[in-house]
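One-letter residues, chain by chain:
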Amino acid sequence: MTALSPLHTVLERFPAGHPRGSWPADEYAAAQRVQGMTDARVVMDLATDQFLVITDTTK
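Residues numbered from 1 in each chain as written. Predicted model: local features only at pLDDT ≥ 70, side-chain atom pairs only at ≥ 80, totals over all residues. Heavy atoms only, no water.

Participant: Tell me about the nonpolar core, and please be specific about residues and values.
Facilitator: Counting seven residues, the largest nonpolar core consists of L11, F14, A25, A29, A40, F51 and V53. Contributions of two or more residues to this core are made by β1 (9-15), α1 (23-34) and β3 (50-55). (Core = buried A, V, L, I, M, F, W, Y, C linked by side-chain atoms within 4.5 Å. Buried < 20%, exposed > 50% of the residue type's maximum accessible area, 1.4 Å probe, protein only. Helix = DSSP H or I, 4+ residues; strand = E, 2+ residues; numbered from the N terminus.)

Structure representation (structure tokens):
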């Protein structure tokens, strides 16, 4: 289970074991910002070993 504040929305999950590391998550977050979701960012969820792209706004 992801321990995030109720004010966060997880947009996408990427495995931390990806050969390119966090790049796919960073690229996805950047694409979301270009589309107008300016606060999309990447965080690491240690419990699930995943990079999460999150936003402070709820869908």
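Participant: Which residues make up the sheet that holds β1, and what values do they have?
Facilitator: Strands sit in the order β1-β3-β2 across an open sheet of three strands; the sheet is antiparallel. Pairing within the sheet leaves two strands with one partner each, and these edge strands are β1 and β2 (41-45). Sheet twist, expressed as the average angle between the axes of neighbouring strands with direction ignored, equals 30°. Judged from the six bridges that link them, β1 and β3 form a sheet pairing that is antiparallel. Note that in β3 the partner of E12 across the bridge is V53. Along the sheet face, α1 touches β1, β2 and β3 and points at about 150° away from the line of β1. (Pairing = 2+ DSSP bridges. Axes fitted to C-alpha atoms, helices over the stretch in contact; angles between N-to-C directions. Contact = heavy atoms within 4.5 Å.)

Participant: Describe the pairing of β3, and please don't skip the residues or the numbers.
Facilitator: Along β3, five of the six residues are buried, which leaves the element largely enclosed by surrounding structure. Looking at chain direction, β2 and β3 are connected through five bridges and run antiparallel. For R41, the partnering residue across the bridge sits in β3 and is I54. Linking β2 to β3, which pair antiparallel, is a turn of four residues; within it D49 sits at a positive phi near 55°.

Participant: Lay out unusual backbone geometry in plain terms, naming residues and giving numbers.
Facilitator: Even without being glycine, D49 reaches a positive phi, approximately 55°. Mapped onto the elements of the fold, D49 is located in the loop between β2 and β3. With relative accessibility at 45%, the residue D49 sits in the partly exposed group.

Participant: Break down the packing of aromatic side chains for me, with residues and values.
Facilitator: Within this structure, the stated rule accounts for one aromatic pair. Judged by centre distance (5.9 Å) and plane angle (55°), the ring pair of F14 and Y28 falls under tilted. Taken together, the residues F14 in strand β1 and Y28 in helix α1 connect sequence positions 14 residues apart. Look at F14 and you get buried, because its relative accessible area is 17%. What makes Y28 partly exposed here is its relative accessible area of 24%. (Phe/Tyr/Trp six-rings, centres within 6.5 Å; stacked < 30°, edge-to-face > 60°.)

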